[in-house]
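Chains, contacts and geometry: an overview
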Amino acid sequence: MAFADLHTHTLASDGTGTPTDNVRLASEAGLSAVAVTDHDTVGGLEEALQAGAVYGVTVVPGVEISTMHEGIDIHVLGYWIDKDDPVLLSRLEQLRRVRDRRNEMIVERLRELGLDLTMDDVLQSLQTVKKQGDTIGRPHIADALVRKGYVGSMAEAFERYLGSGAAAFVSSPRITPFEAVRWVQEAGGAPVLAHPGLYGRDDLIASLAAEGLVGLEAYHADHSPGQEAHYAAMADRYGLAVTAGSDYHGERGGVVFHAPVGGRRIDAEVVERLKQRRGVRT
């Protein structure tokens, strides 16, 4: 069988490797396909597609869109999007501006808590690797907290300061998952709900399916075996494709987040199935 990992991140958002690195790792893991799905940016896709031709790996052009529903962060993956679509590019730029303001608010809150941290500290190690259109997120703030000795690890940074409900957590206004589904469709892509087990909102799945959602990421590094079986069954119930993703973010301090490339994989036939279901429904 041929396999695919449909959820990986690169330096274009909060991963630590280049798009070429991710494709090479996919090849080394024996995958026939890999998706690059950076947060609110398509900045890594061109390099990934070129690397796919070199390594003989199908690269699925993707994106992971950050949304909010009733105070809960929900992520929608878009596959086979037109990475050059001007409307999509403009919309993603808007999301990155919101993300930038949220980052500033987090740093302000950390300073109120007595931590001597600035956005310059956050950007210090990123200036040589980030380019226009890339995103900066909480993992980069966590890295700065580790460098300055305020926490001992990324996990501690999120537990104490950056995770939902933690001391410096900031929730910023975002689009809804229903809007994200439409954005993906209008960019010629196939929308899939990322890691549904992290939300506790299974009631949303039927509504999103009615709006054009085409898949569920049942197999994810942060899902238990029971959750994986549950969401595979839900996908079947609503006629959705089942996808799998490692949610690979590279290594920090010798620790892989969330799983290595290929750590979650699915029969590569789903790649073609998603391709066939892309675009606005009629």
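To be clear, the structure that these remarks concern was listed above.
Below, the structure is looked at part by part.

Analysis parameters
- Residues numbered from 1 in each chain as written.
- Predicted model: local features only at pLDDT ≥ 70, side-chain atom pairs only at ≥ 80, totals over all residues.
- Heavy atoms only, no water.
- Helix = DSSP H or I, 4+ residues; strand = E, 2+ residues; numbered from the N terminus.
- Rg over C-alpha atoms; globule rule 2.2 N^0.38 Å.
- Buried < 20%, exposed > 50% of the residue type's maximum accessible area, 1.4 Å probe, protein only.
- Contact = heavy atoms within 4.5 Å.
- Areas by Shrake-Rupley, 256 points an atom, 1.4 Å probe, with all protein chains shown as cover.
- Lys, Arg positive; Asp, Glu negative; His and termini not counted.
- Charge placed at Lys NZ, Arg CZ, Asp CG, Glu CD.
- Salt bridge = Lys/Arg side-chain N within 4 Å of Asp/Glu carboxyl O.
- Arc of directions from axis to C-beta.
- Expected span 1.5 Å × (residues − 1).
- Pairing = 2+ DSSP bridges.

**Comments concerning the overall build of the protein**
Broken down by element type, the protein carries 10 helices and 10 strands. Computed over C-alpha atoms, the radius of gyration of the protein comes to 18 Å, within 12% of the 19 Å expected from 2.2 N^0.38 for 282 residues, which places it in the range of a compact globule. A total of 282 residues make up the protein; the buried ones form 55% of that total. In the protein, the proportion of contacts linking residues at least 24 apart, taken out of those at least 6 apart, comes to 71%. As displayed, the protein has an accessible area near 11,700 Å², and 49% of this comes from carbon and sulfur atoms. Treating the 28 positive side-chain charges of the protein as one cloud and the 40 negative ones as another, the clouds have centres 2 Å apart.

**A closer look at unusual backbone geometry**
Cis geometry marks the peptide bond from phenylalanine 257 to histidine 258, where omega comes out at -15 degrees. Among the structural elements, histidine 258 can be located in the loop between β9 (255–257) and β10 (266–267). With a phi close to 60 degrees, tryptophan 80 is a non-glycine residue in the positive phi region. By the element assignment, tryptophan 80 lies in the loop between β4 (72–79) and α3 (86–112). Residue tryptophan 80 is classed as buried on the basis of its relative accessible area, which comes to 16%.

**Focus: the pattern of salt bridges**
As enumerated under the stated definition, the model contains 17 salt bridges in all. With a shortest N-O distance of 2.8 Å, glutamate 186 and arginine 91 are connected by a salt bridge. On the criterion of sequence distance, the pair formed by glutamate 186 in helix α7 (residues 177–186) and arginine 91 in helix α3 is long-range, its members being 95 residues apart. Overall, glutamate 186 belongs to the partly exposed group, its relative accessible area being 45%. One salt bridge in this structure joins aspartate 203 and arginine 201, with 2.7 Å as the shortest N-O distance.

**Describing helix α2 (residues 45–55)**
Regarding α2, the residues found buried are Leu45, Ala48, Ala51 and Gly52. Burial along α2 is one-sided: seen end-on, the buried residues are contained in an arc of 120 degrees. For α2, the exposed residues lying more than 90 degrees away from the buried face are Ala53 and Val54. In this structure, the buried residues of α2 make contact with α1 (19–28), β2 (33–36) and β3 (58–69). Glycine 56 sits one or two residues past α2 and shows a positive phi near 70 degrees.

**Quick look at helix α9 (residues 225–237)**
The terminal C-alpha atoms of α9 lie 19 Å apart, and with 13 residues this matches the ideal 18 Å at 1.5 Å per residue to within 8%. Buried positions along α9 lie against α8 (203–211), β6 (215–220) and β7 (241–245). Immediately downstream of α9, the backbone of glycine 239 shows phi near 70 degrees, a positive value.

**Describing the sheet that holds β10**
Within the open sheet, the eight strands sit side by side as β7-β6-β5-β4-β3-β2-β1-β10. Their pairing is mixed. The open sheet has two free edges, formed respectively by β7 and β10, since each of these has just one partner strand. Taken together, the two bridges between strand β1 (residues 3–5) and β2 define a ladder with parallel strand orientation. When the bridges of β2 are listed, alanine 4 appears paired with alanine 33.

Geometric descriptors of this kind do not, in isolation, establish any biological role.
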